[in-house]
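Per-entry structural report
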Amino acid sequence: MNLGTIRAATAADLDRITEIYADAVLNGTATYELEPPSRTEMAARFEALADGGFPYLVAQDGEGGALLGYAYAGPFRPRPAYRFIVEDSVYVAPEAKGQGIGRLLMERLIEASRTLGFRQIVAVIGDGHAASASVRLHEKLGFVHSGRLTGSGYKHGRWLDTVFMQLEMNGGASVPPDPDSLPERNFRGG
């Protein structure tokens, strides 16, 4: 398996992205959705992020090979004062877990978010116990714990905690916003 091909996602990737996410919904606790979204819904979500200029990446097994995972950064919350913060999402196909795909995707996603001028990436991690692969991955990438909602989700017959983690970039809150950053350009409508 060639783990080195990370590229921008396209609409042609949506069938596989939908499959990967459906597995996470049905068999995992990282997402609190209970029913897998349709391909049409996944396409609407993809288009909303693409239209906003947000990074959406896929990991591919070599040139033209199978998609092994995907990651994107999207708005943390819709209110405009949050425009400098993105929330990350990363999902890896069941057969590719534990092989470094998530880390490769997240490293590229962090770099893309930094380049666009965002100041924080927030991870909202479902079932965020200390041994969670997602918590460990985010810790390795420099994210710090910033909160926990105890018993905030109920899935697969048990209560789940939600963990918040964040990574500061581009000076975080210590410097004024960059007027040429994507969040500022989007806010000004151009």
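The structure this text deals with has already been given above.
Heads up: these notes are all about the structure in this document. Small disclaimer: the values here were computed from a predicted structure and weren't measured.

Cut-offs applied
Residues numbered from 1 in each chain as written. Predicted model: local features only at pLDDT ≥ 70, side-chain atom pairs only at ≥ 80, totals over all residues. Heavy atoms only, no water. Core = buried A, V, L, I, M, F, W, Y, C linked by side-chain atoms within 4.5 Å. Buried < 20%, exposed > 50% of the residue type's maximum accessible area, 1.4 Å probe, protein only. Helix = DSSP H or I, 4+ residues; strand = E, 2+ residues; numbered from the N terminus. Contact = heavy atoms within 4.5 Å. Salt bridge = Lys/Arg side-chain N within 4 Å of Asp/Glu carboxyl O. Axes fitted to C-alpha atoms, helices over the stretch in contact; angles between N-to-C directions. Parallel < 35°, antiparallel > 145°, perpendicular 65-115°, else oblique. Left-handed = near helix turned anticlockwise from the far one by under 90°. Nonpolar A, V, L, I, M, F, W, Y, C, P; charged D, E, K, R; others polar. Polar contact = N/O pair within 3.5 Å; in protein donor to acceptor, adjacent residues only side chain to side chain. Pairing = 2+ DSSP bridges.

**Focus: the nonpolar core**
Formed by 46 residues in total, the largest nonpolar core has its most connected members in I17, Y70, L105, M106, I110 and F143. Examining the composition of this core, we find that six residues originate from one element, helix α1 (residues 14-27), more than from any other. Ignoring sequence-local partners within four residues, the contact set of I17 consists of A9, M42, Y56, V58 and Y70.

**Details of the pattern of salt bridges**
Taken as a whole and assessed by the stated rule, the structure comprises twelve salt bridges. One salt bridge in this structure joins R103 and E107, with 2.9 Å as the shortest N-O distance. Of this pair, R103 and E107 both sit in helix α3 (residues 101-116), separated by four residues, roughly a single helical turn. Among the ionic pairs, D127 bridges to R158, the shortest N-O distance being 2.8 Å. Here D127, found in the loop between β5 (120-126) and α4 (133-140), pairs with R158, found in strand β7 (residues 158-168); they are 31 residues apart in sequence, far enough to count as distant. By relative accessible area, D127 is classed as buried at 10%. Overlapping salt bridges, with partners in common, bring together R16, E19 and E95 in one network.

**Some details on the packing of α3 against α4**
Orientation of α3 relative to α4, taken along the N-to-C sense of each, is 45 degrees, at an axis distance of 11 Å. Relative to α4, the element α3 lies oblique. As α3 runs across α4, the sense of the crossing is right-handed. Contacts between α3 and α4 pair G102, R103 and M106 from the former with L137, H138 and K140 from the latter. Split by residue class, the contact of α3 with α4 holds two nonpolar, two polar and two charged.

**Observations regarding the side chain of D13**
Relative to the assigned elements, D13 resides in the loop between β1 (5-8) and α1. Residue D13 is classed as buried on the basis of its relative accessible area, which comes to 6%. Engagement of the side chain of D13 in a polar contact is seen with the backbone nitrogen of T10, the distance being 2.8 Å. Each residue touching D13, except ones within four places of it in the same chain, is listed here: R7, A8, V58 and L67.

**Observations regarding the sheet that holds strand β6 (residues 144-155)**
Either a parallel or an antiparallel arrangement is found when strands of a sheet pair, and the pairing is made through backbone hydrogen bonds. Strands sit in the order β1-β2-β3-β4-β5-β7-β6 across an open sheet of seven strands; the sheet is mixed. Looking at strand neighbours, the two that pair on one side only are β1 and β6, the edges of this open sheet. Pairs of neighbouring strands in the sheet enclose a mean axial angle of 25 degrees, with direction left out of account. Here five bridges tie strand β2 (residues 56-60) to strand β3 (residues 67-75), and the two strands are oriented antiparallel to one another. Within the sheet, the bridge partner assigned to Y56 lies in β3 and is Y72. In the packing of α1 onto the sheet, the strands contacted are β2, β3, β4 (85-92) and β6, and the crossing angle to β3 comes to about 85 degrees. Against the sheet, helix α2 (residues 39-51) engages β2 and β3, with an angle of about 55 degrees to β3.

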